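Listed here are the chains, written in short residue letters.
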Amino acid sequence: MSDTGAGEELGAQAARARALALLRIRSRATAVALLPAAVAVVLFAASAQGFVEGGGWDAVRWAVTACAVITLLVAVAVAVAVVRAEPAVSPTVPLSEKAAPDLYRLVRDLADRLDVPAPSAIALTPDCDSWLEDRTNPAADRAAKDAARRDPGGPGAGPGRRRVQAAPVLVIGSPFLWWMRVAELRAVLAPVVAGTGPSAHPDIAAARRFVRGLDGAVADAAAPAQGAVRKVLRLPHALIGRIARLLLRSCHSHASEMERGVAAAASTRAQAVDYGLRIVAQEQVGLAYAGWDRLLTRVALPAWRMGRWPSRLDAGVVSALTELSRRDRLADGFTSRLGERPACDLLEEPGAADEAASLLAARLFHGGPAQAGPGWSPVDWQQYPEEVVDRKWRTEAARLHRVLDDMGVPPAASAGALDTAGAAVPTLARVVEHLVAGNGSGEELAAGISAAVARDEAQAETAARNPQPVADGTTGSADGNSFNGSGGAANVNGSGSSGTSGGSASAGGDVLEFWGPDPLPLFPLQPPRTGTELLADHVAAMVCCAAVDTAGAAPGLDWLDGPTLLVDGERRSDLGTPVLSLVEDGDAGPLRSWLSSVGVRTDKPVRLA
């Protein structure tokens, strides 16, 4: 036996041994639940044979019988809760074979080369990771039936199917499809697809179902209940949750070691396929992760806060990584790969898949609503500078002056006038003079900005939860498009004709409909900003507005830094330090020098949102 085969066999044996340990825990729990009933049966049999007589034995017999009945009822309740529990399922964008025939063909060919079962379906996730996910549970059954009604040709369709998938679902990070080449994607997916081999073992599959059921039962018991009556009715769930948590704690070490064994066996088996190329492709995984994180935090997050979601995030990561390659010598040479065939060519409608993954990213990382609406609409990269950057600057500048008005700050001496509404003329000089004055003016203004931002975000969240219908009775977007039922959504399931959010309606439905309109588990990209950080952002926005209105500057998009100011077509990235000097130290000298070099007039009124 070769070293590779020996290593794989050792990993598989270790995983099976841990799986058997988990099943023994399940058997012991069953034996403990049946023990009082067995004792009661023995006592009744002994009494019938005349071995135990007297009033004392009668009391013991009935007491044990009552204990057995209660134990069995609790055991049945726990078993039902574990079987019916809905394990955590990762929010993904499903890809039918009609929508990605070449990708399915690549995965099946890879499974054949590895001599393992092929994944039953493929889905996309807005993250730089790939994994196998078992969805053979009642929750997935119901989702598949709904998907089959919406898409008769999809993977969940067909009569007489009790389970949705017999094999796990292959979840692929959507940035990989756009940045990686086809050969690189195949090399990266090889260890993941190889995991279907150990997953098909009945002992490992049963152990995983047991652990997932316990985890789902614990989660169901921990769900909050509204109202006193419901809290009382959920008391049995609390008892079931405690028992399931105890069992889950005893399974923790065995489950972890089982998964390590499965991963080791899959990794060893995958060494026979594209091993040399995989070493090179892992560099692209790290680069894709860096570019994706930068794109989300610097570019997408400002748009999400403005109620707009970029509809081509995956295409944007290619631009971000290309820009990184241009600036960073460590990444030099990576763009030479772009002449090869990208993995996104394996999709029939890459734009539709990109749009669906982009909306899912907004819901996961920002908590956006499930559908487009008046305050939540898609934006293209070409529109980003005007629709996001300029609006962001002017909205923050307007909020800054609104807080100054509430604080009673007078207009700047150079302006010295009020507008028609009686408010101070919005000039940059007013902001600078107030922050230079000292006496805690910066701290007070930062607190006011923080409160105003919190109010605006609360209002936006309320509006998102209660969308206003448009004239035709549906929930519309700002530009008249609707993601739900559009061609862009349907094409991911292979049942539409348009690849944009403005496409014609089709029978496919929303690919994210499975997750419903309720908020998904939120994974914030950044911690909450402090008052000083918010004030610095608002002052910088005011400076940028003044530069656009008085010095001929323009809003722009930097793929690595997000919103940027363009002066004579060149990016100016040196504004942060002068603004921090003004906000934190009250020193306006560096900012005035910067304004003078750009030609900004601080006494001129600024157009606000």
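Everything numeric in this text was worked out from a predicted model, so none of it was measured.

**What to know about the confidence of the model for the protein chain**
Residue-level pLDDT values for the protein chain average 81, and 80% of them are 70 or greater. Under a pLDDT of 50 for its full length, residues 151-165 has, in the predicted model, 23 contacts with residues more than four places off or in other chains. In this model residues 470-514 is a low-confidence stretch, pLDDT under 50, and it forms 118 contacts with partners more than four residues away in sequence or in other chains.

**Structural notes on the sheet that holds strand β9 (residues 570-572)**
Here three strands make up an open sheet; going across it, the order is β7-β8-β9 and the pairing antiparallel. Since the sheet does not close on itself, it has two edges, and those belong to β7 (554-558) and β9, each with one partner. Geometrically, the sheet is characterised by an average inter-axis angle of 55 degrees between neighbouring strands, direction not taken into account.

**What about the environment of Glu86?**
Residue position: Glu86 is located in the loop between α2 (55-84) and β1 (93-95). Overall, the relative accessible area of 42% leaves Glu86 in the partly exposed class.

**Observations regarding the pattern of salt bridges**
Evaluation of the coordinates by the stated rule reveals 24 salt bridges. Taking the shortest distance from any N to any O, the salt bridge between Asp102 and Arg105 comes out at 2.5 Å. Remark: Arg105 and Asp102 occur in helix α3 (residues 101-114); sequence separation between them is three residues, near one turn of the helix. When the shortest N-O distance is used, the salt bridge between Glu396 and Lys392 registers 3.4 Å. Remark: Lys392 and Glu396 occur in helix α14 (residues 384-407); sequence separation between them is four residues, near one turn of the helix. Just as Glu396 is buried, Lys392 falls in that class too. Residues participating in the shared-partner salt-bridge network are Arg294, Arg298, Asp558, Asp561 and Arg571.

**Digging into the side chain of Arg208**
Looking at where Arg208 falls in the secondary structure, it is placed in helix α8 (residues 202-222). When its relative accessible area of 16% is taken as the criterion, Arg208 is described as buried. Polar contacts involving the side chain of Arg208 include one to the side chain of Glu259, which spans 2.8 Å. Here Arg208 is in contact with Ser199, Met258, Glu259 and Val262, once residues within four sequence places are set aside.

**Description of the sheet that holds strand β2 (residues 121-125)**
Spatially, β1-β2-β4-β3 is the arrangement adopted by the four strands of the open sheet, whose pairing is mixed. Pairing within the sheet leaves two strands with one partner each, and these edge strands are β1 and β3 (130-133). Here the strands of the sheet are splayed against their neighbours by 30 degrees on average, with no regard to which way each runs. Bridge count between β1 and β2: three bridges; the pairing is antiparallel. Each residue of the ladder has a partner; that of Pro94, found in β2, is Ala123. Across the face of the sheet, helix α6 (residues 182-193) comes into contact with β3 and β4 (169-173) while running at roughly 140 degrees to β4.

**Considering the packing of aromatic side chains**
With the rule as written, the count across this model stands at three aromatic pairs. Aromatic side chains Trp381 and Tyr384 sit 5.9 Å apart centroid to centroid with 45 degrees between the ring planes, which places their arrangement in the tilted category. Between Trp381 and Trp559, the aromatic rings sit 5.0 Å apart at their centres with planes inclined by 75 degrees, giving edge-to-face as the arrangement. Remark: Trp559 occurs in the loop between β7 and β8 (562-567) and Trp381 occurs in the loop between β6 (377-379) and α14; sequence separation between them is 178 residues. What makes Trp381 buried here is its relative accessible area of 13%. One aromatic cluster is present, formed by Trp381, Tyr384 and Trp559 through successive ring pairs. The cationic tip of Arg61 hangs over the ring face of Phe44; the distance from NZ or CZ to the ring centre is 5.4 Å.

**A word on α14**
With 24 residues, α14 should cover 34 Å at 1.5 Å per step; its first-to-last C-alpha distance of 33 Å lies within 8% of that length. The axis of α14 is deflected most strongly, by about 25 degrees, at Arg391. The positive-phi residue at the C-terminal boundary of α14 is Gly408, with phi of around 75 degrees.

**Focus: the packing of α8 against helix α10 (residues 235-270)**
Across the interface, α8 lies against α10 with an axial gap of 8 Å and an inter-helix angle of 140 degrees. In the packing of α8 onto α10, the handedness of the crossing is left-handed. Counted together, Ile204, Ala207, Arg208, Phe210, Val211, Leu214, Asp215, Ala217, Val218 and Ala221 of α8 and His237, Gly241, Ala244, Arg245, Leu247, Leu248, Cys251, Ala255, Met258, Glu259 and Val262 of α10 form the full contact between these two elements. The residue makeup of the contact of α8 with α10, split by class, is 15 nonpolar, two polar and four charged.

**What about the side chain of Thr268?**
Structurally, Thr268 is set in helix α10. In terms of polar contacts, Thr268 uses its side chain to reach the backbone carbonyl oxygen of Ala264, at 2.8 Å.

**A closer look at helix α20 (residues 589-598)**
If you check which residues of α20 are buried, you get Leu591, Trp594, Leu595 and Val598. For α20, the arc enclosing every buried residue in end-on projection is 100 degrees, short of the 170-degree limit, so these residues lie on one face. Facing away from the buried side of α20, by more than 90 degrees, are the exposed residues Ser596 and Ser597. In this structure, the buried residues of α20 make contact with α15 (428-436), α18 (531-550), β8, β9 and α19 (576-585).

Rules behind the numbers
Residues numbered from 1 in each chain as written. Predicted model: local features only at pLDDT ≥ 70, side-chain atom pairs only at ≥ 80, totals over all residues. Heavy atoms only, no water. pLDDT = per-residue confidence, 0-100. Contact = heavy atoms within 4.5 Å. Pairing = 2+ DSSP bridges. Helix = DSSP H or I, 4+ residues; strand = E, 2+ residues; numbered from the N terminus. Axes fitted to C-alpha atoms, helices over the stretch in contact; angles between N-to-C directions. Buried < 20%, exposed > 50% of the residue type's maximum accessible area, 1.4 Å probe, protein only. Salt bridge = Lys/Arg side-chain N within 4 Å of Asp/Glu carboxyl O. Polar contact = N/O pair within 3.5 Å; in protein donor to acceptor, adjacent residues only side chain to side chain. Phe/Tyr/Trp six-rings, centres within 6.5 Å; stacked < 30°, edge-to-face > 60°. Lys NZ or Arg CZ within 6 Å of the ring centre and 35° of its normal. Expected span 1.5 Å × (residues − 1). Bend = angle between axes of the 7 residues up to and from the residue. Left-handed = near helix turned anticlockwise from the far one by under 90°. Nonpolar A, V, L, I, M, F, W, Y, C, P; charged D, E, K, R; others polar. Arc of directions from axis to C-beta.

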